[in-house]
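Single-letter residue listing:
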Amino acid sequence: MNGNVSANLAAVSRTAPAAGGPPAARAGTPRLPVSPLAAGATIPLAFIATGFAAGAIGTAWLALAPAMLALPHVHPQVVALAHVWLLGCLLTICCGAIYQLLPVLANVPFAGRRQAWTHLALHAAGVALMVPAFASARMGLVAAGGMLVAAGVVLLSVAVARVLRATTRLDPILLAFGAATAWLLVTVAVGVLLAANLHFGWFGVDVLAVLRAHAHLGVGGFFVTLLQGALFRLVPMFTLGELRGTRRVGVALAASQLGLLVLVPALGLGRTRGVLAGAALLAGSFVLTAFELRRVWATRRKRALEPGLRGFFLGLGALGLAALLGTALTATEGNVRAALAYGVLAVIGGVLAAVEGMLCKIVPFLVWMRVYGPRVGRQPTPAAAALGSPRCERAWVVLHAAGALLLAAGAAAGETRLLAAGAWALAAGQISLGASLAQVARHLWRPMILTKANP
Amino acid sequence: MNESLTVERVWSVLATILDPEFGLNIVDLGLIYDVTLADDEVRVAMTLTSPGCPAGEMIHGGVQRALEEMPGVGTVCVDLVWEPAWTPAMLTAAAREHLGWTE
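Residues numbered from 1 in each chain as written. Chains lettered and ligands numbered in written order. Predicted model: local features only at pLDDT ≥ 70, side-chain atom pairs only at ≥ 80, totals over all residues. Heavy atoms only, no water.

**A closer look at the overall build of chain A**
- Looking only at helices and strands, one finds 13 helices and 0 strands in chain A.
- Across chain A, helices and strands are ordered from the amino to the carboxyl terminus as α-α-α-α-α-α-α-α-α-α-α-α-α.
- Taking all 455 residues of chain A together, 53% fall into the buried category.
- Excluding contacts between residues fewer than 6 apart, the proportion of contacts in chain A whose partners are at least 24 apart in sequence is 78%. (Helix = DSSP H or I, 4+ residues; strand = E, 2+ residues; numbered from the N terminus. Buried < 20%, exposed > 50% of the residue type's maximum accessible area, 1.4 Å probe, protein only. Contact = heavy atoms within 4.5 Å.)

Below, the structure written as C-alpha cells:
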C-alpha cells in the first residue's frame, strides 16, 4: 500500500480529519444513482452491434466500388450508401447510446425495454428495405422503409420525452438530447414525405433543395446537436475534468439551434442569404463549443489522450472544417464534386470518427458493467480500458483520418485512385476498430479471471 | 470483537476495489471518507466522483460485498454521502501520478 493510503489510515485511526486526508463526512441522503444499465446493457449493445454491422457493409461496399464517390451526390447509389452510413450505422449506434446515457445523466430509471427492442426491429427492417430501394430508385419502397424507421424514431422520442419530463436535473445538456430527437423526427418526416412525393408526384418541389435541407436536418440537427450536448458530460467523465456551470454550453447550443432554424428552411427554399446567416450562427456555436471544451480539457486530471478521445476530437475537427467548406459552397452553387467532398468530410471524417471514438470508451464500459460489475468486491476486476486493444484503436485513428482525407480529396477531384486509396484506408481502419471491439465483446462470453495477486 | 478485524485491514480490503474507468483503487481515488469499527460492525462512509457516476451502483455494492466477506465481520453498513462532494483534490499522490496529473 502506498504512503498516501497509509496517511489516510492514520487519519482515520485518529478519528480526526488530517490535512490532505479524507474529509469528515457529513450526513447525506444515502441514495444511489439509478441503475446504470439499460436492460443489463443488452439494448445499447444490440443497437451498437447492429450499427457497426451496417457500417461494415457500407465500408465493404465503398471498398469494392470506390468510384461511386465520383458520381453526382444525388446518384441513387450515392444516396443509398449515405443512408447505410447515416441511418444504418450512425443513427443506430446513437440511438443505443441515447437509451443508455440519457437515463443515467438524468438520474431517471430506464423504462421502456419492450419499446426499445421494437424500435431496433423497426429500424433494422426499415433500413434493410430502404437501402436497396434507394440503389434501384424505387421511391415507393423507400417511403415504406422510411415509415418503419419513422415509427422507431417515434418510440425513441417517447422514451426521451419521458426521461426529460421525469428528471429533476434539466440542464442544457439534457435539453440537447431532446432537441436532437426533435430534429430527428423532422428529418425522417421530411425524408418519408420527399420519397412518397417522388413516387406519387403529389406536388412539384425543388428536389435538390429539399434533399439539402433533409441532409442538414439529419447531420446538423440530430448528430451535431447530440454531440454538442453529450460531449460536455462525456469528456469530463472520461478525463476527470470539470465543467464549471452549463450557461456557456447553453449559449453555444442555443446558437446552433437558432442557426439550424435559419439554415434548414433557407436551404429548402434556396435563399442564399438565409443559408449564410444560418451557417454563420452555426460556425459561431462551434467556436463557443470549442472554447468551452478547451476550458474543460484544461482542467483534466487524466493527462493521457486515449485513442478513443483522439478519434472523437478528430471528428470534431473535421466537422469544423466541413462547416467552413459548407459555408464556402454557398458561393459555388452547383459544384457537385465539392458538395460531395463536403458530405464525406462531415459524415465520414466528422460524425463517424466522433461517434466511433466514443464507442472505444462506451463499449468497454458497458461490457465491464455487465460482466465485471457484479463481481466487484468478490474478486479482482480489470479496468475497462484493459478489455480492448489500444494498439488497434490507435491504428484506427490514423487509418480513419487518412481514409477520410483521401476520400474527401478524391470526391473533390473526381479522382478514382484517390477514392480507392481512401476507401481501403477506411476499411483497414474499420477492421482495426472492429478487432478491438471484438476483443472487448469476447469478455461477455469469456470473462478474464484475475487472482488477488494481479488485479 | 475479532482481534484480527482492524480499521487498517478494512482499508486494505477497500483498496483492492478498482474504479473501472481510471484503473485506480477507490481509496486512492478518495472515495472512502471514513471507516469505523464497533465490535463486529463495520461502517463505511463513501462517495462517488459524481451523483451520476454510471459505475456507482457496482462500486457501492462491491464495497458491501467485500466487507461482508471479511472474517469476523458481522454487520456492514455502507453510507453513500454527497457532502462533502468529491473533488480531484481528494486524489492521493499515487493516484495523481497514475493519471499523469503533476500540478
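After that view of the structure, there is still more to cover.
**Regarding the environment of A:Phe365**
- The residue A:Phe365 is located in helix H11 (residues 336-371) in this model.
- Along the backbone, A:Phe365 and A:Ser157 are 208 residues apart, and their C-alpha atoms lie at a distance of 25 Å.
- Here A:Phe365 is in contact with A:Ala384, B:Pro20, B:Glu21, B:Pro54 and B:Ala55, once residues within four sequence places are set aside.

**Regarding the nonpolar core**
- Residues A:Phe222, A:Leu407, B:Leu14, B:Ile32, B:Met46 and B:Leu67 are the most contacted members of the largest nonpolar core, which totals 162 residues.
- A:Ala213, A:Val264, A:Leu267 and A:Leu282 belong to the second-largest nonpolar core, a separate cluster that totals 10 residues. (Core = buried A, V, L, I, M, F, W, Y, C linked by side-chain atoms within 4.5 Å.)

**Re the packing of helix H12 (residues 390-413) of chain A against helix H13 (residues 416-445) of chain A**
All names here are of chain A.
- It is the contact of H12 with H13, at a shortest axis distance of 7 Å, that shows an interaxial angle of 155°. On the basis of the axis angle, H12 is roughly antiparallel to H13. Relative to H13, H12 is oriented so that their crossing is left-handed.
- Classifying every residue of the contact of H12 with H13 gives 18 nonpolar, 8 polar and 1 charged. (Axes fitted to C-alpha atoms, helices over the stretch in contact; angles between N-to-C directions. Parallel < 35°, antiparallel > 145°, perpendicular 65-115°, else oblique. Left-handed = near helix turned anticlockwise from the far one by under 90°. Nonpolar A, V, L, I, M, F, W, Y, C, P; charged D, E, K, R; others polar.)

**Details of the pairing of strand S1 (residues 32-38) of chain B**
All names here are of chain B.
- Of the strand pairs in this sheet, S1 and strand S2 (residues 41-46) are connected by 6 bridges, and their pairing is antiparallel. Note that in S2 the partner of Ala38 across the bridge is Glu41.
- Hairpin remark: S1 followed by S2, antiparallel, with 2 residues in the connecting loop; positive phi at Asp39, about 55°. (Pairing = 2+ DSSP bridges.)

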